[in-house]
Amino acid sequence: KATSLVFLLAAGALWPARAEWQRTETSLAWRTGTNALWEFSFDPKKGKPFFHPLTANGRALTNFKPEDHPWHYGFWFSWKYINHVNYWEENRQTGKGEGATRWETPVIETKPDGSAAIKLNLSYTNPTGRVDMVEVRELKISAPTPAGDYSIDWRAHFTAGKAGAVLDRTAMPGEPGGAVNGGYAGLGLRMAAPPLGFSVLCSTGAVSRFQSDRARPFAPALACNFTEGDRDIGGVAIFSDPINAGVESPWYVVNAKEMRFACSAILAPKIRTLQPDEKMELRYRIAIRSKPWTVEDLKAK
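Right, let's walk through the structure included here. (Residues numbered from 1 in each chain as written. Predicted model: local features only at pLDDT ≥ 70, side-chain atom pairs only at ≥ 80, totals over all residues. Heavy atoms only, no water.)

### Things to note about the pattern of salt bridges
Counting across every chain of the model gives 15 salt bridges. The residue Glu-39 makes a salt bridge to Arg-31 at a minimum N-O spacing of 3.1 Å. By relative accessible area, Arg-31 is classed as buried at 16%. A salt bridge links Glu-175 to Arg-169, with the nearest nitrogen and oxygen atoms 2.9 Å apart. (Salt bridge = Lys/Arg side-chain N within 4 Å of Asp/Glu carboxyl O. Buried < 20%, exposed > 50% of the residue type's maximum accessible area, 1.4 Å probe, protein only.)

### Overview of unusual backbone geometry
Going from His-52 to Pro-53, the amide bond is cis rather than trans, its omega being 0 degrees. Locating Pro-53 in the fold gives a position in strand β5 (residues 50–56). Backbone geometry at Asn-83 places phi at a positive 50 degrees, although glycine is not the residue there. Here Asn-83 is to be found in the loop between β8 (81–82) and β9 (85–86). Overall, Asn-83 belongs to the buried group, its relative accessible area being 14%. Even without being glycine, Asp-213 reaches a positive phi, approximately 70 degrees. Topologically, Asp-213 is positioned in the loop between β18 (205–207) and β19 (214–215). (Helix = DSSP H or I, 4+ residues; strand = E, 2+ residues; numbered from the N terminus.)

### Some thoughts on the nonpolar core
Counting 65 residues, the largest nonpolar core has Trp-38, Phe-51, Trp-79, Trp-154 and Ile-286 as the members making the most contacts within it. If you tally residues by element for this core, the top one is strand β14 (residues 150–160), at 6 residues. Residues in contact with Ile-286, not counting those within four places in the same chain, are Phe-75, Tyr-150, Ser-151, Ile-152, Trp-154, Leu-187, Val-236, Ala-237 and Ile-238. Ranked by size, the runner-up nonpolar core spans 14 residues in total, among them Tyr-73, Met-172, Phe-261 and Ala-268. (Core = buried A, V, L, I, M, F, W, Y, C linked by side-chain atoms within 4.5 Å. Contact = heavy atoms within 4.5 Å.)

### Looking at the packing of aromatic side chains
For the coordinates displayed, the defined rule picks out 24 aromatic pairs. Consider the rings of Trp-21 and Trp-38, whose centres lie 5.7 Å apart with planes at 70 degrees: the pair is edge-to-face. Here Trp-21 is found in strand β2 (residues 13–23), whereas its partner Trp-38 is found in strand β4 (residues 35–41), with 17 residues between them in sequence. Considered together, Trp-21 and Trp-38 belong to a single accessibility category, that of buried residues. Aromatic rings pair up to connect Trp-21, Trp-30, Trp-38, Phe-40, Phe-42, Phe-51, Phe-75 and Trp-154 into one cluster. (Phe/Tyr/Trp six-rings, centres within 6.5 Å; stacked < 30°, edge-to-face > 60°.)

### Some words on the side chain of Asn-86
When you line up the elements, Asn-86 lands in strand β9. Here Glu-89 takes part through its side chain, which lies 2.8 Å from a polar atom of the side chain of Asn-86. In this structure Asn-86 touches Lys-80, Tyr-81, Gly-97, Glu-98 and Gly-99, once residues within four positions along its chain are discounted. (Polar contact = N/O pair within 3.5 Å; in protein donor to acceptor, adjacent residues only side chain to side chain.)

These values are about where atoms sit, not about what they do.
Printed below as a string of structure tokens:
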């Protein structure tokens, strides 16, 4: 194991703690003692690849496989429909989706400072056995700062199969057959439930208007902040590259009693169709920090 002396923020003061990599056949984590700053799982028995927990100030900001939506994997990526086959929801008994998301063992590089690079080859397989799309996913996790802040650069390179790939979602409100929960697909963040307090903002301002517990802002970046009583826990920000869906990227946010969810909903404006062998790239930066995000912070990134 590679070890490094890092400094974490506790009770308003810096204190030294020994941090180290914990690596298994199906996971990678940067830990201090028994506490993970973050952990990435690529265990096929658990479902899709995912990050959980993502933590700030010692508290998990993610929620893994909650009872209401057991196909929510903390922080993860999933298409909704590819060629009319559902890859998002999974059978509650078997844990399997209609479409199969599969992957090879990733190539992982770690450094003593807590930074890492992960490369993962995935395939999206139709129930007929036909591969409708493949993906090369590249993740670069930064070394944590003395306060325990870190970021994940997420790059995904997709190539459609020989039949092409129609990327679809539940119809949006106002569309034929539209639903209040329409539009989600892609990069998803299921967040910690109460008693943690929760608020949402974008680089264009606070997100405070929710209809049926949903909000659909357009902005280059979105952040979720958390509190515990009168204490700031920190927050998670997602920055969407303009190549994903333009400068004003679409977001889908749920702020219900127990369900807190945010999605970079790139398919909300329209369905995307890739021709056979056509390529598409998505780029994100996810930043976790120990103090709340502000609108000015999001604009400055």
